[in-house]
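What follows is the residue order along each chain.
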Amino acid sequence: MIRQIKQKHFLPGFGIGLGFTLSYLSLLVLIPLSILAVKSLSLDWTVYRSLLIDPRTYAAIKLTFLSSLVAAGINLVFGFIVAWTLVRLPFPGSRLIDALIDLPFALPTAVSGIALTSLYVRTGLLGRYLEPYGVQAAFAPLGVIIALTFIGLPFVVRTLQPALQDIDKEYEEAAISLGASPFRVFASVIFPSIRPAMLTGFSLAFARALGEYGSVVFISGNMPMKTEIVSLLIVGKMERFDYEGATALAAITLLASFLILLAINLTQWQYSRKVQQTA
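Numbering of residues starts from 1 in each chain and follows the order in which that chain's sequence is written. Local features in a predicted model are, by the rule used here, given only for residues with pLDDT of at least 70; side-chain atom pairs are given and counted only at 80 or more, and totals for whole chains, interfaces and linings are based on all residues. Excluded from the side-chain calculations are hydrogens and water; all other atoms, namely the structure's heavy atoms, are used.

A. Structural context of the overall build of the protein chain. Each helix is a run of H or I in the DSSP string that is no shorter than four residues. Each strand is a run of E no shorter than two, and both are numbered from the N terminus. Summing up its helical and strand segments, the protein chain has 13 helices and zero strands in all. If you list the helices and strands of the protein chain from N to C, you get α-α-α-α-α-α-α-α-α-α-α-α-α. Relative to a compact globule of 279 residues, whose C-alpha radius of gyration would be 19 Å, the protein chain shows 23 Å and is clearly more extended. Projected onto its principal axes, the C-alpha positions of the protein chain cover 70 × 65 × 35 Å. Intrachain contacts of the protein chain at a sequence separation of at least 6 include 75% that bridge at least 24 residues. A radius of gyration in this sense is built from C-alpha atoms; the matching globule rule multiplies 2.2 Å by the number of residues raised to 0.38. The contact criterion used throughout is that any non-hydrogen atoms of two residues lie within 4.5 Å.

Here it is, written out as structure tokens:
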């Protein structure tokens, strides 16, 4: 008899590790989202209809998504500048600046919200200089964008830094030796290499901004129809024991954010496939 030798996996403990990973992911992500999906599907259509035609809900959704997109766009531009400076233009104290980038990760969001509010109120350290120009940051939509930009910056910087470090400078030097302008070098050599990382950083910053609560609750002022975001509206419905309305609003926000992130990921996938075909 020929004994069949069971081929072992090249990774020791792969089965146990995979099972633990799936179980851990299910407990933290899949099961809660599944419960939300089941609960939202069991709701009557009139609950969604009342939310969609409610001007307060529409204003909160509009402010949330527009502010998140603007904040993610700002972080994409200035996050690239910060990452480029830290990687390509080191200076005395750059390690300290690099460590401070992670401050929004470690700082409680409520603390950051209080700090930003004290800075941008009319009598604050920065708000007093904006007041003469008629610019109101605190208790205004601008304050929401500032808070979302603050908490989203590390996602872009930390995503772009490894991509910039992996770029071979020989290609840049070759392009310069052939007479390419700095803009041409960036557009043809640098940007194609970091574009996937830029899209990833933008997606992470946007997703983080959509669910932010603590840093916005103070600086926004929570004024309905003006500075109220979706997370604040959901918490308000929960406090009034309107569980159906909170569930429906959470499901609408989750579906909209999922579609936007799916579109971004599809764009990134198509670009990567195009690059592989032309290589």
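B. Structural detail: the pattern of salt bridges. When a carboxyl oxygen of Asp or Glu lies within 4 Å of a side-chain nitrogen of Lys or Arg, that pair is called a salt bridge. Applying the stated criterion to the full structure yields seven salt bridges. The partner of D242 in a salt bridge is K237, and the shortest N-O contact between them spans 3.7 Å. For D242, a relative accessible area of 29% translates into the label partly exposed. Only protein chains enter the calculation, and the probe is 1.4 Å; a residue is then buried if its accessible area is under 20% of its type maximum, exposed if over 50%, and partly exposed in between. For K237, a relative accessible area of 9% corresponds to the buried category. Because the salt bridges share partners, they merge into one network encompassing D98, D102 and R158.

C. Geometry of the nonpolar core. To form a nonpolar core, buried Ala, Val, Leu, Ile, Met, Phe, Trp, Tyr and Cys residues must be joined to one another through side-chain atoms within 4.5 Å. In terms of nonpolar packing, the biggest core is built from 21 residues, with L160, L164 and I194 touching the most fellow members. Of all the elements, helix α10 (residues 182–210) adds the most residues to this core, at eight residues. Non-local contacts of L160, meaning those with residues more than four positions away in its chain, are made with G79, F80, A83, I194, A197 and M198. In terms of nonpolar packing, the next biggest core, distinct from the first, is built from 17 residues, A71, L148, V217 and I219 among them.

D. Up close: the layout of surface pockets. The definitions used throughout rest on a 1 Å grid laid over the protein atoms alone, on which a cavity is an enclosed set of points accommodating a 1.4 Å probe that cannot get out and a pocket is an open set flanked by protein within 12 Å on both sides along at least five of seven lines; lining residues are those having an atom within 4 Å of a point. Grid points are joined across faces, edges and corners, and a volume is the space filled by probe spheres set on the points. One number sums up the size of the largest pocket: a volume of about 270 Å³. Around the largest pocket, the lining comprises 13 residues; the ones closest to its centre are L210, G211, T253, L254 and S257. Looking at the lining of the largest pocket, the elements that each hand over two or more residues are α10, α12 (230–239) and α13 (243–278). It is α13 that provides the largest number of residues to the lining of the largest pocket, a total of six residues. Classification convention: Asp, Glu, Lys, Arg as charged; Ala, Val, Leu, Ile, Met, Phe, Trp, Tyr, Cys, Pro as nonpolar; all other residues, Gly among them, as polar. Residues of the lining of the largest pocket, tallied by class, amount to nine nonpolar, four polar and no charged.

E. Structural context of the packing of aromatic side chains. Any Phe, Tyr or Trp ring, taking Trp's six-membered ring, that has another such ring centre within 6.5 Å forms a pair; planes under 30 degrees apart are called stacked, those over 60 apart edge-to-face, and the others tilted. What the rule picks out here adds up to eight aromatic pairs. Arranged with centres 6.4 Å apart and planes meeting at 50 degrees, the rings of F65 and F206 form a pair that is tilted. A residue pair is termed long-range when its members are at least 10 positions apart, and F65 in helix α3 (residues 55–88) and F206 in helix α10 qualify at 141 residues. Neither residue differs from the other here; F65 and F206 are each classed as buried. The interplanar angle of 40 degrees and the centroid separation of 5.9 Å between the aromatic rings of F80 and W84 together place this pair among those described as tilted. In this pair, F80 and W84 are both assigned in helix α3, four residues apart and thus about one turn of the helix distant. Judged by its relative accessible area of 15%, F80 is buried. Put simply, the rings of F80, W84, F186 and F191 pair up and form one aromatic cluster.

F. Seen up close, the side chain of T227. Take T227: it is sitting in the loop between α11 (214–219) and α12. Residue classification places T227 among the buried residues on the basis of a relative accessible area of 1%. Pairs of N or O atoms within 3.5 Å make up the polar contacts considered here, provided that, within protein, one atom can donate a hydrogen while the other can accept it, and that residues adjacent in sequence are counted only when both atoms are side-chain atoms. At a separation of 3.4 Å, a polar atom in the side chain of T227 contacts the main-chain amide nitrogen of N222. Not counting chain neighbours up to four residues away, the residues in contact with T227 comprise L63, F139, A140, P141, V144, S220, G221, N222 and L232.

G. A look at unusual backbone geometry. Although it is not a glycine, F139 adopts a positive phi angle of roughly 60 degrees. Within the secondary structure, F139 is located in the loop between α7 (127–130) and α8 (141–165). Located in the positive-phi region is N222, a residue other than glycine, with phi close to 55 degrees. Residue placement: N222 occurs in the loop between α11 and α12. The exposure class of N222 is partly exposed, given its relative accessible area of 31%.

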